[in-house]
Amino acid sequence: MTAPTSHRWLRWPTRPDEPRMAFGADYNPEQWPREVWAEDVAAMRGAGVNVVSVAIFSWARLQPAPDRFDFAWLDEVMDLMHAHDIAVDLATATASPPPWLTTLHPEVLPVSFEGHTVWPGARQHWRPTSPVFREHALRLVRAVAERYAEHPALAAWHVSNELGCHNVHDYSDDAARAFRTWLQARYGSVEALNHAWATSFWSQRYGAWEEVLPPRFAGHGSFINPTQRLDFQRFSSDALAEHLRAERDVLVAITPDVPVTTNFMVMGETRGMDYAAWAADVDFVSNDHYVQDGERPLDELSFSANLTGGIAGGRPWFLMEHSTSAVNWKSVNVPKRPGHLVRDSLTHVGHGADAVCYFQWRQSQGGAEKYHSAMLPHAGTGTALHRTVQGLGARLAALSPVVGSSRRPADIAIVFDWDSWWAAEGSGTPTQELRYRQEALDWYSACLDLGLRADVVPLAADLSGYALVVAPVLHVVPAALAERLEAYVAGGGHLVTTYFSGVVDEHDHVWLGGYPGALRDLLGLRIEEFGPLEPGTSVDLDNGSAGSVWADGVDVVDPAVEVRVRYKDGVHAGSVAVTRRPVGAGSASYVGTRLGASGVAPVLADLARDAGVVSELPEEARGAVELIRRERDGEQYRFLVNRTDGYVELPAPAGEVIDGAAPASDRLVIAPREVVVVRSAD
Ligand code: GLA
Ligand code: GLA
């Protein structure tokens, strides 16, 4: 597990030992005349804001020409913040290069898959592997760090911004060079690369490193070598992490006592960055989350927050950005409904966020994001939205006892793996309809529907303490992972996996002898041919559910395997869809079709019962309420999130309600979309 090793939190400039929830936003004063700044700080104070991220997109202002720096305005902003007891998470300002740099050095501009230049005009138009960009970026980082090293407002460093949001896959010649270096370190010899990439296929055999390229556009309708693609995805994530480390190293050398973070994007289909591998490079994990379109946006939010907590090793993390209301980057941008802002924010807090921040403080008057909501909208402070923001600030202040507490481990783990995400959704697969993250989310939603708590964790996490481990579409299973899972089950653990799991090794080579390859013996099954389903079709199951996307014909090999569900129709009618193989005190289960959240629920209920996992919620709250738990030194915090638009009533839990409802009598009533926090001794 590569969670942050040091876990140094925000260095509060004043009253450093007083626990407090961080509350604030990206603050972009350079978009406004100076007179507005005074209004800003006054309104910030009024809303309870105590931290702002400054200078994220300020490179062009801080360094207006190659040999000229202008810090005067930022000095003033830093002083102003400090005078009002607002801490600064100061950006290194390297997120978007200024026009002079790309004019002088167009070779820093990324190149798209098809070979087009990515021009300036938006932001983040830089190659992660450009030595020229790196040199200029680090020069700026050094200048900013030296300037503000001793500034009392400085609470943390914010490296760049959403690394990889727009530039994760760059196909330039710089990328080609760096890719070769990365491959040399991974494989050692061209021969080993040839083996890993299966280059005997289609005459792709390499004779020298110089012949190797990124997986650039290779013609319409043609499939690029899948291992070349997978390695390029791994490399691209690593290349950005290397940039993060390069900036961090400059910062640490100048200000060893100031923690360093960068904002991840654990949300939706953002898949380019393997954040589990990045976490060791920051002092604390930060995440940006925006509500996604989809059938269950609240579940997706909770899943993302939960996974962020998993990446952070269960320790507190920083919600660097979310939105107070509408975003502006969807085709239709609907404002949040009453209650959503507070509920979304507090759900993040339940999952470990000790900071609740937004993009951005004041809604822009011009520029590409002028229709994106903010803490202070165009219509000003006298608005319903701003009053909600003020109310949230007061509630977060009341939640200060929670600060510093950790995730209380659940009984169920849902395993999340970037390699499997990338490889299972590659090209030339049995179906392009498979959605790795959605499958994991379906299992998570089923947990929520059943009132079962689950931790979403990266694959490298220690699984031994979990009673039930769900590993949906665990497609890439190197031999060592298969052994790990066998040991988990042999130790009494209960494992469940799904279709298209265990199929390939770390080189994306198929395990021979029948699917699910590396997991075949553990599951006691054998599959000869994959059974993808035509889009829009489904097969009925004998438990009343239906399966879609995939329906394997499965042969049971081990007679001990219990058949839980069978197909009722389709080509595999009568064949097994869900199985469970008891192994000593543990078990290994297989689900051969996509059940969706509602179809997963009954299957999961059975598997959980067999694993001895029970809901921690009273019957009437299961499904209606999400229970999240944090703990510290014998103190427990239960977050009860009302997932519904109605009132939920349940027996009052033991302990003291510290937020979200009237102090409990014997019943606790949770208002629609409300979050109640209960503190107790156990
Ligand atoms: C064509 C090619 C073969 C193979 C098949 C796959 O026929 O000639 O090499 O790629 O398509 O369908
Ligand atoms: C990202 C960026 C912000 C802003 C928001 C808008 O998270 O980091 O600068 O563009 O999106 O949703």
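Note that the coordinates shown come from a computational prediction; the quantities given were computed from them, not determined experimentally. (Residues numbered from 1 in each chain as written. Chains lettered and ligands numbered in written order. Predicted model: local features only at pLDDT ≥ 70, side-chain atom pairs only at ≥ 80, totals over all residues. Heavy atoms only, no water.)

1. Quick look at the UniProt feature "domain: Glycoside hydrolase family 42 N-terminal" (unreviewed entry) in the protein
Logical step 1: Mapped onto this numbering, the UniProt entry gives "domain: Glycoside hydrolase family 42 N-terminal" (unreviewed entry) at residues 26–398.
Logical step 2: With 40% helix and 9% strand, the stretch residues 26–398 has end C-alpha atoms that lie 23 Å from each other. (UniProt positions renumbered as here; feature names shortened; annotations may be inferred. Helix = DSSP H or I, 4+ residues; strand = E, 2+ residues; numbered from the N terminus.)

2. Concerning the UniProt feature "domain: Beta-galactosidase trimerisation" (unreviewed entry) in the protein
Logical step 1: Within this numbering scheme, the UniProt entry marks residues 410–613 as carrying the feature "domain: Beta-galactosidase trimerisation" (unreviewed entry).
Logical step 2: The straight-line gap between the two end C-alpha atoms of residues 410–613 is 10 Å; of that span, 26% is helix and 27% is strand.

3. Notes on the nonpolar core
Logical step 1: The biggest cluster of nonpolar side chains holds 178 residues, and the ones touching the most others in it are Leu74 and Leu90.
Logical step 2: Among the elements that take part in this core, helix 5 (residues 131–148) stands out by supplying nine residues, more than any other.
Logical step 3: Look past the residues within four positions of leucine 90 in its chain and what remains in contact with it is Val54, Ala55, Leu74, Met78, Val144, Tyr148, Leu154, Ala156, Trp157 and His158.
Logical step 4: If you look at the next biggest cluster of nonpolar residues, it comprises 15 residues, including Phe179, Tyr187, Phe235 and Ala239. (Core = buried A, V, L, I, M, F, W, Y, C linked by side-chain atoms within 4.5 Å. Buried < 20%, exposed > 50% of the residue type's maximum accessible area, 1.4 Å probe, protein only. Contact = heavy atoms within 4.5 Å.)

4. Some words on helix 10 (residues 297–311)
Logical step 1: With 15 residues, helix 10 extends 21 Å between its outermost C-alpha atoms, agreeing within 8% with the 21 Å of an ideal straight helix rising 1.5 Å per residue.
Logical step 2: Where burial is concerned, most of helix 10 is hidden: 14 out of the 15 residues are buried.
Logical step 3: Directly beyond the C-terminal end of helix 10, a positive phi value near 70 degrees is found at glycine 313. (Expected span 1.5 Å × (residues − 1).)

5. Some points on the packing of aromatic side chains
Logical step 1: Counting across every chain of the model gives 35 aromatic pairs.
Logical step 2: Measuring from ring centre to ring centre gives 5.9 Å for tryptophan 197 and tyrosine 206, while their planes differ by 75 degrees; the resulting arrangement is edge-to-face. The same class applies to tryptophan 197 as to tyrosine 206, namely buried.
Logical step 3: Taken together, the ring pairs in this structure connect Phe113, Tyr171, Phe179, Trp182, Trp197, Tyr206, Phe217, Phe232 and Phe235 into an aromatic cluster.
Logical step 4: Taking NZ or CZ as reference, arginine 61 lies 5.6 Å from the ring centre of tryptophan 73, over its face.
Logical step 5: Against the face of tryptophan 32 rests arginine 362, its NZ or CZ located 5.3 Å from the ring centre. (Phe/Tyr/Trp six-rings, centres within 6.5 Å; stacked < 30°, edge-to-face > 60°. Lys NZ or Arg CZ within 6 Å of the ring centre and 35° of its normal.)

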